[in-house]
Each structure stands twice: as C-alpha cells, then as structure tokens.
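Commentary on secondary and tertiary structure
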Amino acid sequence: MTRLSAATLSQVPAGVTVPKYDRSRITPGIVHLGIGAFHRAHMAVYVDDLLARHPDWAIVGASLRRPDTKEALEPQDGLYTVAVRDASGTHPRVIGSILRVLDANTEREELLALMASPAIRIVSLTVTEKGYCHDPATGELDQRHPDIVHDLANPAVPKSAPGMLVEALARRKAAGIAPFAVMSCDNLPSNGATVKRIVAKFASLRDAALGEYVGHVAFPGTMVDRIVPSTTDADRETVAGMIGAEDAWPIMTEPFTQWVIEDHFPDGRPPFEQAGAQMVEDVEPFERMKLRMLNGSHSTMAYLGYLAGYEYISDVMGDDNFVKLIHGLMTEEAMPTLDMPGVDLGAYRDQLLDRFRNPALKHRTWQIAMDGSQKLPQRLLGTIRDRLKANQPFERLGLGVAAWMRYVVGIDEKGESIDVRDPLAMRMMAIAADAGDDAEALYVGLVALTEVFGSDLADNQTFGETVATHLDSLFEVGVKATVAEVAG
C-alpha cells in the first residue's frame, strides 16, 4: 500500500475530507513546541479550517524530546489523518496545516532561527505539565531542574521549553523584531499567567533587562478540550483501509472539540473564531471549570478504574457505582467551587458523562494516569483547598487523591506490577517500599512531597483524615467496595 503524502493525496477516496487549499502556497506563521497527538487533533485542525483564506498561518512543529513524530510525518509531507469516532462510526479527515516537523535535538539552530524570524507571530505549546520545568504546587520555575540548570549555563543551545522561548525572544530583541505571542495549550491553572511567570523568571536569571523585556510579551491564556486516546496498530489498519494509503501516525478522537482563547495577540493572529474557537477577555473561569470537572473526573476514574481492572474510561462508565461517584464529584464537590454566570454547569456535567461513555473512543485509564504528580495540584488539590476554606466535605475528591497514592505503589490488587510513568516515580516507589502495607505510613511519606502537596495540605488534619481513611479502605477492602461506599 502507498504512503500518505502530497504525491498520493489525490488518490484518497472521495468520501474522505482533504485540505481545500494549495499546500505549496501556504507559509508558516506559527511554531508549535511539543507536537504530539493532542495538538494534531485540536489546534492543527482549527488552523486547517482557516488556511484556504489565510495562507500565511501554517504551522511548523517541533519535537523537544523524541524524533518519532518527525519520523512519522516527514515521509508524509506533514499530512496525517484525524479519525473522529462515535457510535455512528469512524470519520476520517486528512489535515495539511503542519508544513514540517523539526527535531529540537538535531535541528535546534534551525528551530531557533525560525522562531526568531518576523514571519512567526505565535509560538504555541503542548509540552504537558512537566515540560514547563516548574513546581506544580506553586507554579514557579524549578531552578534546580536539570534542563533549567543546563539552559542557564548554555543559553544558546537550550533543551527546555522555557529556554527555547527565551533564547528566541532574546534574538528577536537584539534584531529589533517584535516579540511573538506565547500561547500555552496545556492543562495548567491560569496557563497564560503561569507560563509568563515561568518564562520571565528564567529570562531574568539570564539577564535582568531580558527579564523586563519578556515581562511585556503577550501570553494569552487558553482552555482546550478534546479527548485523544493513544493510537494503536489496529487504528492504523482501520485508517489505512478508509483512506487507501498507509498513515504512520493517524490521530483518533471524539466529535467534541472546544477552544477558549484570551484575545491578546499584539502582532496579529488567525481569525480562530471563524473555525469555532471562542475569543474572550478572561479564560480563567472556563479553564478552572474544565480542570475541575473534566480533568479532575478523568484522573479519579483513571486511578480507581485502572486498579479495578478497567482498561478504558468507557469500561469505567459501565459500572453504576463509578458513574454515581463521578456524578457526585462534579455536582456536589466541584461545581460549588465554580463561579460561571451564564454557563449551565449541570448541562456541562451531563455532556461530560456522555463523552466518557463513548464506546468507540478507546481512552486507556493507564494513559490518563501518567504524570499524576504534575496533574494532581490543578485537577484535584485546588478544588480540595477551596472546599477546605469553605469548611465543606470532599470525600470523592479525597478518594481520587487516595487512589493516586495507591496506584503509585506500583503493584495492583492482583499483585501485578503497574508501569508507573511519572517524573517522581522512583521517589514515590521508594516511599511505598518503606511503607510496605501500612497505609498511614504511605500517606505520610507521599504527602511530604511538597512539590505536589505544598506544605499546607501536609499539615491539614481534615485533609489527612479524609485521604488516609480512603487509602486504608483501598488496601483493606479494595477499589470496588470503596467506590460503592463513597458513591452512596
């Protein structure tokens, strides 16, 4: 079978949507750092919708860690398939908005030169929470992070996302070129303000004047939402059969997509609203809603579901006790912490539950469970802090935290190993090994990770009693019995 590429695009069957513009005439206006599956299912699709009328806003992507995306897309001239799945079937579309992908490890100078060129007016990022080299509990730059230490010592050859941004901005400043806008599309609380704080601090550590300059760069906040499972070999076979060509890395996703963006782009932007994005003055309420309702529920389902033997989120939603638990988490614990005038939070909750039930979307609990130490502060702990301030219970949220603690032990209820993927995995497993079967000792060890819990939660008696009680129950009676008890 032939490979999907510019040369074979004309052979794609008539029922498959393909780019409606001449790709030889589009030029880059955006550099995207961290060109993984989510970006290709989300922002790249919005841009693809606009290029016929706005051809100077195409994307050049960059992989900061591994060259696998470049290796998959380069023989395909940047083309790939987004396959939307729901109960009605799979609906493929070929996306052409990504002109090329650079490997930052081997093409770093070319990437920095492109970021420093006046044609690039936006640099966007999906580098995941851990890619910002920050302390998730405080949102501040982690100056001890190995990549930050390296980049401060070698600013012209950066490894980290903050280092890349600051070096490119420094070159633009020296050349008298207006700075690009920095747009994070990651699940960070107040992502625009948080990334600005991280990047400006890094810049000030390099040079005080550079820090002042970066302090005036635009960092529009965003809220992004689309569920994107990992692609399997079976998915590749399905897509190949539908488009009549081999696609090394198609993207599988759901019909739903949402993008809320703060409208702060001094050097211009594509008309994202024409592709369905919502341009707002302040994105933070939308972001908090999504982090606490969707992402908080997802993480809770991931840890409990994996431990209960459920491979996919849709499997979790087949268990009535889990449905009751998640419905209650959103309704009783998350929604009261949100101030969203004009937004029907109940309707949003019901929409989320329907999305979680999508049987065609094979979203693995193990995939969502990755990097929990980086995700917990914004997905669960922020909501818990608000509940504590209001002297309100947080039994379901507390169970989500306890489930994470049980999961990172690295041994499931059947005694089999869990492949725990997390920057703190080795430290957490050492804590678990010292604690043995003692749930209280495990809680005390893990809550001492101040980069996750800060110092306030470790010292909070109500937090400790709630989480430790649930953790003990998970060890004593197991996940399913504990979920049934807490769900009520």
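Being a predicted model, the structure only gives us computed values, none of them experimental. (Residues numbered from 1 in each chain as written. Predicted model: local features only at pLDDT ≥ 70, side-chain atom pairs only at ≥ 80, totals over all residues. Heavy atoms only, no water.)

**What about the packing of aromatic side chains?**
- Applying the stated criterion across every chain, the model contains 10 aromatic pairs.
- A ring pair is formed by Tyr 310 and Phe 322, whose centres lie 5.7 Å apart and whose planes are at 85 degrees; its orientation type is edge-to-face. Placement of the pair is Tyr 310 in the loop between α10 (284–307) and α11 (313–316) and Phe 322 in helix α12 (residues 320–334), with a sequence separation of 12 residues.
- Counting every residue linked through ring pairs, the aromatic cluster contains Phe 394, Trp 404, Tyr 443, Phe 453 and Phe 463.
- Arg 121 extends its terminal NZ or CZ atom over the ring of Trp 57, reaching a point 3.9 Å from the ring centre.
- One Lys or Arg, Lys 173, reaches over the ring of Tyr 213 and ends 6.0 Å from the middle of that ring. (Phe/Tyr/Trp six-rings, centres within 6.5 Å; stacked < 30°, edge-to-face > 60°. Helix = DSSP H or I, 4+ residues; strand = E, 2+ residues; numbered from the N terminus. Lys NZ or Arg CZ within 6 Å of the ring centre and 35° of its normal.)

**A short note on helix α5 (residues 146–153)**
- Along α5, the residues that are buried comprise Asp 147, Ile 148 and Asp 151. All buried residues of α5 lie within an arc of 95 degrees about the axis, which places them on one face of the element. Away from its buried face, by an angle of more than 90 degrees, α5 presents the exposed residues Pro 146 and Ala 153.
- For α5, the elements touching its buried residues are β8 (140–141), α6 (161–175) and α7 (191–206). (Buried < 20%, exposed > 50% of the residue type's maximum accessible area, 1.4 Å probe, protein only. Arc of directions from axis to C-beta. Contact = heavy atoms within 4.5 Å.)

**A word on the environment of Ile 243**
- Along the chain, the position of Ile 243 falls in helix α9 (residues 233–243).
- The sequence separation of Ile 243 and Gln 367 amounts to 124 residues, and the corresponding C-alpha distance is 27 Å.
- Non-local contacts of Ile 243, meaning those with residues more than four positions away in its chain, are made with Leu 4, Val 12, Pro 13, Val 16, Thr 81 and Pro 92.

Any link to function would need more than the numbers given here.
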